[in-house]
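One-letter residues, chain by chain:
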Amino acid sequence: MRNPFLIGERIYLRPLERADAPTIVEFLNDEQVTRTLNMHRPLTLEAEESWLEKAMKDERNILLAIARKSDDRYLGNTGLHLKQEKDRAAMFGIFIGAKDEWNKGHGTETAKLMLRYGFETLNLNRICLHVYANNPGGIRAYEKAGYVREGIMRQATYSEGRYHDVLVMGVLAEEWFARKERK
Ligand SMILES: CC(C)(COP(=O)(O)OP(=O)(O)OC[C@H]1O[C@@H](n2cnc3c(N)ncnc32)[C@H](O)[C@@H]1OP(=O)(O)O)[C@@H](O)C(=O)NCCC(=O)NCCS
């Protein structure tokens, strides 16, 4: 493992580096990856590098690379965007750009690692996410990690020629710790 920050069973999360930018650009110009993300414009290396530089300095963003333990292969990104201090809440984000690594449990494992970090290290009270209704794999991964469906924003996004609902999913600290005790 190279510079691991959070370690799972088959993947680990490490700080993102400037050197990851060319791979991120490849991942995020791929329509199959972005169809369920809020990204729809061509992404240049320059734009990604300057975004990365800014985002890494922003203390409200915790950005991590997802890497495979067996060979350090870089698979995608995840992050927590912290809301205002008093609310103790954050928004979770993830993409796995290495499509041949979808449906192997990495999304679930990443979501769990970030929940643990959010609740047990950062002392958050709530972590939530938005997921498009046309992303059943994502919804399933989040449910397996402990997220519950909280609501639906009807027709909130447009992709692949039609509108899709967007689900709001969330986990509260009390649910996370109760689930941990049951295990
Ligand atoms: C969403 C994403 C992070 C999920 O990661 P992943 O590693 O593929 O997820 P997991 O393997 O942990 O879990 C996916 C689950 O959904 C299931 N699944 C996949 N496609 C499905 C479908 N069409 N219908 C129902 N279930 C489906 C898988 O079988 C798996 O469940 P199982 O382990 O019980 O069999 C990943 O696919 C991705 O990055 N997609 C592109 C970007 C994106 O959508 N990001 C998230 C935005 S909210």
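This section reports on the structure supplied with the text. (Residues numbered from 1 in each chain as written. Predicted model: local features only at pLDDT ≥ 70, side-chain atom pairs only at ≥ 80, totals over all residues. Heavy atoms only, no water.)

**Some words on the packing of aromatic side chains**
Our working definition: Any pair of Phe, Tyr and Trp rings, taking the six-membered ring for Trp, is counted once the centres come within 6.5 Å. Such a pair is stacked with planes under 30 degrees apart, edge-to-face with planes over 60 apart, and tilted for the rest. In this text, helices come from DSSP runs of H or I with a minimum length of four residues, and strands from runs of E with a minimum of two, each type numbered from the N-terminal end. A simple rule labels every residue: compare its accessible area, found with a 1.4 Å probe on the protein chains alone, to the largest value its type can have, and call it buried under 20%, exposed over 50%, or partly exposed in between. A ring is scored as having a charge over it whenever the NZ atom of a lysine or the CZ atom of an arginine sits within 6 Å of its centre and within 35 degrees of its normal.
Counted under the stated rule, the structure contains eight aromatic pairs. Note on Phe27 and Tyr74: the rings are 5.6 Å apart at their centroids and 50° apart in plane angle, and the pair reads as tilted. Pair noted here: Phe27 is in helix H1 (residues 21–28) and Tyr74 is in strand E4 (residues 74–82), with a separation of 47 residues, a long-range link. Measuring from ring centre to ring centre gives 4.9 Å for Tyr158 and Tyr163, while their planes differ by 65°; the resulting arrangement is edge-to-face. A relative accessible area of 47% means that Tyr163 is categorised as partly exposed. Three or more aromatic residues joined by ring pairs make a cluster, and in this case those are Phe27, Tyr74 and Phe95. Residue placement shows Arg14 over the ring face of Tyr74; its charged tip is 5.4 Å from the ring centre.

**Describing the sheet that holds strand E5 (residues 89–96)**
Adjacent strands of a sheet form backbone hydrogen bonds with each other and so pair up, either parallel or antiparallel. Here is the rule: One requirement defines pairing of two strands: DSSP has to find at least two bridges between them. Here, residues are in contact when the closest pair of their heavy atoms is within 4.5 Å. Interaxial angles span 0 to 180 degrees and are taken between N-to-C directions of axes, which are lines fitted to C-alpha atoms, for helices over the stretch in contact.
Sheet architecture is open: eight strands sit in the order E1-E2-E3-E4-E5-E6-E8-E7, paired in mixed fashion. The open sheet has two edge strands with one neighbour each: strand E1 (6–7) and strand E7 (148–159). Here E7 pairs with strand E8 (residues 162–172) via eight bridges, running antiparallel. Each residue of the ladder has a partner; that of Ser159, found in E8, is Arg162. Across the face of the sheet, H1 comes into contact with E4 and E5 while running at roughly 90° to E4.

**Some thoughts on the site of the ligand**
We count it as follows: Near, as used in this document, describes a residue that has one of its heavy atoms within 4 Å of the molecule or strand being considered. Two N or O atoms count as a polar contact when they lie within 3.5 Å, although within protein this holds only if one can serve as hydrogen donor and the other as acceptor, and sequence-adjacent residues are included solely when both atoms are side-chain atoms. Here the accessible surface of atoms and residues is derived via Shrake-Rupley with a 1.4 Å probe, and residues count as covered only by protein chains that are part of the display.
Around the ligand sit 23 residues, and of these Thr36, Ile96, Gly107, Thr108 and Lys144 come closest. Thr36 places a polar side-chain atom, nitrogen or oxygen, 2.5 Å from an oxygen atom of the ligand. The side chain of Arg140 places a nitrogen or oxygen atom 2.9 Å from an oxygen atom of the ligand. Surface burial for the ligand is 74%, taken as the share of its 950 Å² of free accessible area covered by protein chains. Elements with a minimum of two residues in the shell around the ligand: E5, helix H4 (106–121), strand E6 (126–132) and helix H5 (136–145).

**Some remarks on the environment of Arg154**
Tracing the backbone through its elements, the reader meets Arg154 in strand E7. In this structure, the C-alpha to C-alpha distance between Arg154 and Val166, residues twelve residues apart in sequence, is 6.5 Å.

**Some details on the nonpolar core**
Using the following cut-off: Here, nonpolar core refers to any group of buried Ala, Val, Leu, Ile, Met, Phe, Trp, Tyr and Cys residues whose side-chain atoms link them within 4.5 Å.
Core analysis: the biggest nonpolar cluster contains 47 residues, and Leu80, Phe92 and Tyr147 have the highest contact counts within it. Those residues in contact with Leu80, other than ones at most four positions away along the chain, are Arg60, Asn61, Ile62, Ala90, Met91, Phe92, Met114, Tyr117, Gly118, Leu122, Leu124 and Ile127.

**A closer look at the pattern of salt bridges**
Formally: Take a side-chain nitrogen of Lys or Arg and a carboxyl oxygen of Asp or Glu: if they are within 4 Å of each other, that pair is a salt bridge.
Applying the stated criterion across every chain yields a total of 16 salt bridges. Arg18 is the salt-bridge partner of Glu53, the closest N and O atoms lying 3.5 Å from each other. With Glu53 in helix H3 (residues 45–57) and Arg18 in the loop between strand E2 (11–15) and H1, this pair connects stretches of sequence that are 35 residues apart. The exposure class assigned to Glu53 is partly exposed, which follows from its relative accessible area of 36%. The class of Arg18 is exposed, set by a relative accessible area of 59%. For Arg88, the salt bridge identified is with Glu85, shortest N-O distance 2.8 Å. A residue is classified by how much of its surface remains accessible, and Arg88, at 27% relative accessible area, is partly exposed. One continuous salt-bridge network, built from bridges that share partners, spans Arg68, Asp71, Arg73, Asp100, Glu101 and Lys104.

**Some remarks on the pairing of E2**
Where burial is concerned, most of E2 is hidden: four out of the five residues are buried. In this structure, E1 lies alongside E2, joined through two bridges in antiparallel fashion. Residue pairing across strands places Leu6 opposite Leu13, the latter belonging to E2. Where E1 folds back on E2, the antiparallel hairpin that results is connected by three residues. Bridge count between E2 and strand E3 (residues 61–68): five bridges; the pairing is antiparallel. In the strand pairing of E3, Leu13 is matched with Ile66.

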